Amino acid sequence: MSVSKRLGLLKASTSALFLCDMQVKFAPNIAYFPQIVNNSKRVLGAAQVMDVPVLATEQYPKGLGPTVPELGLAEANIKPYSKTCFSMAAVPELMQEMKDKRPDVKSVIMCGIETHACIYQTTLELIDKHGLDVHVVVDCCSSRSMVDRKYAFEALKEAGAYLTTSERIILGMAPDAAHPKFRGLQKLVMNMAVDTGLANL
């Protein structure tokens, strides 16, 4: 009997977006931080167009500060969850909100920092404990060290995550130009994603 291959097909109707720890105290030290935030904001915009639930976290905000305003959480009316653990999936209230908003969730889109810590741990827990497909948006994720970032991406792929890009995510949410919300996504990709150093890895 043949075993069907997992393809990682992304559908807006069964997906959620996770935005991880893009906070002010991290900004000076994370490689390509402004670019990561810019690209993540595009994905957030696509999620809003397509009614995809968005969940966000802040790592120990008392010490590391709030999410940078440039990401646009306040305008999107998204209140981040505070955490001290690396994994977003270890925050019960966040996971419950996701299930309440998207009971039939099959995929999680991951953006944020740091790739080798919180992104890595969250992805592994979502795959292993919750059986979800995870799409790690490589031009929306970074670390302080580009070496940590590079090998985290390799480990994530080996663990079963799908490595993707912000534009692929945005266009994948409505892969038919006849979709009634396609124009909203098209506006987001009129300007290309900004460079985050991946061509040099």
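Structural notes, computed from the coordinates.

Conventions used here
Residues numbered from 1 in each chain as written. Predicted model: local features only at pLDDT ≥ 70, side-chain atom pairs only at ≥ 80, totals over all residues. Heavy atoms only, no water. Helix = DSSP H or I, 4+ residues; strand = E, 2+ residues; numbered from the N terminus. Buried < 20%, exposed > 50% of the residue type's maximum accessible area, 1.4 Å probe, protein only. Pairing = 2+ DSSP bridges. Axes fitted to C-alpha atoms, helices over the stretch in contact; angles between N-to-C directions. Contact = heavy atoms within 4.5 Å.

**Side note on the environment of Cys111**
So, point 1. Structurally, Cys111 can be placed in strand 4 (residues 107–113).
So, point 2. Cys111 sits in the buried class, given a relative accessible area of 0%.
So, point 3. In this structure the C-alpha to C-alpha distance between Cys111 and Met22, which are 89 residues apart in sequence, comes to 9.1 Å.

**Topic: the sheet that holds strand 4**
So, point 1. Taken together, the six strands give an open sheet; going across it, the order is 3-2-1-4-5-6, and neighbouring strands pair in parallel fashion. Where the open sheet ends on each side, the last strands, each with one partner, are strand 3 (81–83) and strand 6 (162–164). When the angles between neighbouring strand axes are averaged without regard to direction, this sheet yields 25 degrees.
So, point 2. As judged from the six bridges shared by strand 4 and strand 5 (residues 133–142), these two strands associate in the parallel manner. Bridge assignment links Ile113 to a residue of strand 5, and that residue is Ser142.
So, point 3. Packed onto the sheet, helix 4 (residues 115–128) meets strand 1 (15–20), strand 2 (54–59), strand 3, strand 4 and strand 5 and runs at close to 165 degrees relative to strand 4.

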